[in-house]
Amino acid sequence: MTGLAMRMLARDWRAGELRVLALALVIAVGSVTSVSFFADRVRQGLGREAHQLLGGDLLLLGDQPWKEAMSAEIARRGLAVAQSTNFISMAQSGSGDGAKSLLAGVKAVSGAYPLRGKLRVAPRLNAPDAAVAGGPQPGTAWLDERLTSALAVNPGDKVRLGNAELTVAAVLTLEPDRGANFFNIAPRLMMNAADVAATGLIQTGSRVTYQLLAAGERKEVDAYEAWARPRLERGQRIENLENARPEIRASLDRAQSFLGLTALLAAILAGVAIALATRRFVERHLDGCAVMRCMGATQGKILSLYGAEFLVLGVAACAVGCAAGFAAQELIAHWLASIIQAELPQPTVVPAVQGALVGLTLLLGFALPPLLQLKDVPAVRVIRRESGATKGSAVVAYVLGFGTLVALLLWQAGDLKLGMTVVGGFSAAVVLFIGLAWGLLRAASSSASMRFFGARNAAVRYGLANLRRHSRSNALQVASLALGLSAILLLTITRSDLINAWRQASPPDASNRFVIGIQPEQLEPLKDFFRAENASLPEVYPMVRGRLTAVNGKAVSEKDHPDERAKRLVEREFNLSFMEALPTHNEVSAGRWFDPKSRKEAEASVEEGIAKTLGLKMWDVLTYSAGGEPFTARITSLRKLRWDSMKVNFFVVTPPWVLEKAPTSYITAFRLEPGTEPLLDRMVARFPNVTVVDVSAALRQAQGIIDQVILAVQFVFLFALGAGLLVLYSALVATEDERRREAAIMRAFGASAAQVSGSQRAEFLVMGAVAGVLATCAAAAISTLLAQRVFQLDLPMNFGLWIYGPLTGIALLSLNAWLSARKVLSASPALTLREG
Amino acid sequence: MTAQAALLSAQGIGKTVKSGINDLVILQEIDLSVTSGEAVAIVGASGSGKSTLLAILAGLDTPTVGSVQLDNEDVFALDEDARAQLRGRAVGFVFQSFQLLPALSALENVMLPLELAGRPDARAAAAAMLERVGLGERLGHYPKHLSGGEQQRVALARAFVVQPKLLMADEPTGSLDAAAGEAVIKLMFELNAQAGTTLVMVTHDEQLAQRCGRIVRLAGGKIVP
């Protein structure tokens, strides 16, 4: 029995009956597996890349020096270890009248620092920078741009720090783990840990933060974290990526959504290709099964024979697909190695299992239903060919198969909402496509259209009549074509729009300097200054420092919040602001933006992330203490912020009347183009109390990460594109046999070559136009949805899509009509008819 | 001729199908008995119901009324799978349109019924059978590379290779020219005689029908004298 199934497999394979199906499976499994493998590794890799924002894979912070046991354990586990000591101190340069001093954020680092990412330094101010390994040598210091210019030092000069004198060795331009919370930080002075004792600055009671960093194998890092967590003492905590910079987090989240989405799309498309290929296989085997029924094969025997044949094929194709997927992702990983920088972790076995399961489910879900038809073939078909198979059992099998596939894909995507949106959207699109295609094809072949287009041309008339005769199978074919085509349009034409929109989230002209501490009376002079400098006037926002004291009348305590970040947020002062209009880079995600004129009740709009962290809900009443004065406001809206926009953002915003009496300073952000740095010097000279924060390095870093992520995502696109092409091919060949037979009959009855090809051209032209228009609409709708829901971006209208989409449909089917006519015309009608 | 000695017998066979709002009577009141070793031709004009009768006699189609006994089994008391097994055991078929599987070579087409029956000597038996029908040199050829006459000879080999008790032939020369048709018929009767098979053949060809021992004429769905 198994032997016969194997022989049948070999025979069908030899006859080329299974090649399309096998290819569909290999591509399906290959794409799912490689996307999975790749996504898995890139996700891990990007996570690790993002770890450079911590300076290592794990960052421990404490207000006391770390005990030897804590760092020894890191080394014992084979992980790299580094330490840094952070404190604020006055840095001085020059002497006598020329002496300058500024409060600096000092960071003393051990040799191995940073464990992830690289420091970048420049030999002097405004000179090109380069990455360096490790930190400053003992006896030397690196000063950031702000400190270098404030102290007016050049490399080679000396700076004094406490009792020690250090030689300035370079300008520090990028510190990978420098946080974005620049409101509380002083300009940086980085030195070697060996020189700390000589400064004599660290005494009992000094405010010092001790950092302990670990990096290495993920498993070991996790194990160390689990080991260290219960050993943390008072004042010590572990920082993880979730707590790190939100703007980078946003990019990674988008990338993950996108990767998951692309994998989903590829898998579903592959399923459609498999369904189409199996349907063709079954149609070609109906007669053979009827003959086997005549020869005594029972239904069970036919089902088990073909079931075994497909199972063996499926297992083999899944194995090949997994191998292909693994090879493909190895290639990508190799190719991206220099770009991703972070060493990609080894792939796990999970993607292979996922790929194989998805492949087998696709096969069972989409191939079993048509196969069930084979067993139901009535034996009498050998005498009356029109006797078909019942289709009842197929519907149940399709539903079961589709359900299982959805469950698997949701497992793979790991995002229920996203997965359901895609699957639901896809199902709705299929139903809509079939309905619309049917209606449009019927309209195109209506008697009015026949009279109009077919009046003088019999071939066109015959072609249009064919549309009507095959309206159901044609509608199915057009829907499949539109499906494949929309995936291709989405992945080619609108892809660049999406990518551009994504890049715009952190555009190259984003602000790279923040100015804080502007006093109310300095507002007008500052505006005048910018006007006089012919620089574009930045938007200035009021800023009030306030501490959250109560929620709904209940005093807030850090003890109520187990989350580290929430604890710190509760301890610290917030930056609050007041304004009338919603800033353009903010979006209200719940409630409504307040009416600034209404004074009925004090209202507040809260950023949704911080609301979640602190457990705040709509309509909660917040009590803040700002400048010693308490005020309360009710949350009437939640806002979604674009953290990667590099614009001024506030956690809490109220209408002006609520806060305008509180002590207010102003903040702004603007872009300082290279070469215009002297403007900064003039501004600082004019407004000595304001603080300018350089975020250009952070901006570069954010943009770099977005670029890498985009590259990875684009490559993953290719697999979905392959699956889309396969659907297209399967849809095109789906009705090939039937058309060939019809054309052969036409030829046998004396139709000229021109008539045969003319009628096929007319039929395919209409089908191509319908498929093209449907695909274009779908691609436009999906990309708009993607942009809004996944990326929270606005997508500009792409006129090219509306031209290329329908044209691609027409061109593709015209080419197919030409190829198909050529095939029919080159074979003798007798041979075609004899082949049945 | 008694019912017990008959290999195939049909009683009161009627077949009615719905055609729009009307019932269309295809067969009515057919009684037929065929004894072992007999050769019976069912003749009639196109649309007389002869192919439907053959399908019912072979258990491929079901009658509206009546019963059929084949090899001592009440065909329509069996379920579809049991009928298939009965066919596999007792009946061989030759069709007008040959019904060879296009993806299989001549040898594999003949091997198929043996393989379905689980015969380990399928290859050798099929090759020997093809040799007997004069296609020993063409074992590896596919149907599309064989002439109509050759395809029907492969079909004959496939039908006889399982040594059926009953051969059902539906217009076996319907798709062939006169010469090829003659050659196929000659071969079919030879094989039939050698194997002692019972033959039931549907044809509209009077001359061909004359070669059978008995002719059953069908007109308007009824047996006529």
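Residues numbered from 1 in each chain as written. Chains lettered and ligands numbered in written order. Predicted model: local features only at pLDDT ≥ 70, side-chain atom pairs only at ≥ 80, totals over all residues.

Draft legend 1. The confidence of the model for chain A, seen in detail. All names here are of chain A. Residues at a pLDDT of 70 or more form 82% of chain A, whose mean pLDDT is 79. Helix H24 (residues 829-835) is the least confidently modelled element of chain A, averaging 60 in pLDDT, while strand E6 (residues 140-144) averages 93, the highest of any element. Contacts from residues 180-184, a stretch scored under 50 in pLDDT, to residues over four places away or in other chains number eight contacts. (pLDDT = per-residue confidence, 0-100. Helix = DSSP H or I, 4+ residues; strand = E, 2+ residues; numbered from the N terminus. Contact = placed C-beta atoms within 7 Å.)

Draft legend 2. Examining the interface of chain A and chain B more closely. If you look at the interface, chain A gives 25 residues, while chain B gives 26 residues. Counting residues per element, the ones that place at least two in the side of chain A that touches chain B are helix H1 (2-14), helix H7 (246-294), helix H8 (299-340) and H24 of chain A. The greatest single-element share of the side of chain A that touches chain B, amounting to six residues, is contributed by H7 of chain A. Taken together, the residues of the side of chain A that touches chain B break down into 12 nonpolar, six polar and seven charged. (Nonpolar A, V, L, I, M, F, W, Y, C, P; charged D, E, K, R; others polar.)

Draft legend 3. Layout of the packing of helix H21 (residues 736-748) of chain A against helix H23 (residues 799-826) of chain A. All names here are of chain A. Running from N to C, H21 and H23 point in directions that differ by 50°, and their axes come no closer than 10 Å. With respect to H23, the element H21 is oriented oblique. Between H21 and H23 lies a crossing of right-handed hand. Between H21 and H23, the residues in contact are Glu 736, Arg 739, Arg 740, Ala 743 and Ala 744 and Ser 820, Lys 823 and Val 824, respectively. Residue composition of the contact of H21 with H23, grouped by class: three nonpolar, one polar and four charged. (Axes fitted to C-alpha atoms, helices over the stretch in contact; angles between N-to-C directions. Parallel < 35°, antiparallel > 145°, perpendicular 65-115°, else oblique. Left-handed = near helix turned anticlockwise from the far one by under 90°.)

Draft legend 4. Main features of the packing of helix H5 (residues 148-160) of chain B against helix H6 (residues 178-195) of chain B. All names here are of chain B. At a minimum axis distance of 9 Å, the contact between H5 and H6 shows a crossing angle of 15°. The pairing of H5 with H6 is recorded here as roughly parallel in orientation. Here the hand of the crossing between H5 and H6 comes out right-handed. In this structure, H5 uses Gly 148, Gly 149, Gln 152, Arg 153, Leu 156 and Phe 160 to contact H6, whose residues at the interface are Ala 180, Ala 183, Val 184, Leu 187, Met 188, Leu 191 and Ala 195. Along the lines of polarity and charge, the residues of the contact of H5 with H6 split into nine nonpolar, three polar and one charged.

Draft legend 5. Structural context of the environment of Gly 401 of chain A. Residues and elements named next belong to chain A. Within the secondary structure, Gly 401 is located in helix H10 (residues 392-413). A residue is classified by how many C-beta atoms lie within 10 Å of it, and Gly 401, with 21 of them, is buried. Separated by 34 residues in sequence, Gly 401 and Ala 367 have C-alpha atoms that sit 9.1 Å apart. The contacts of Gly 401, once residues within four sequence positions are left out, are Thr 361, Leu 364, Gly 365, Phe 366, Leu 368 and Pro 369. (Buried ≥ 20, exposed ≤ 12 C-beta atoms within 10 Å, placed from the backbone.)

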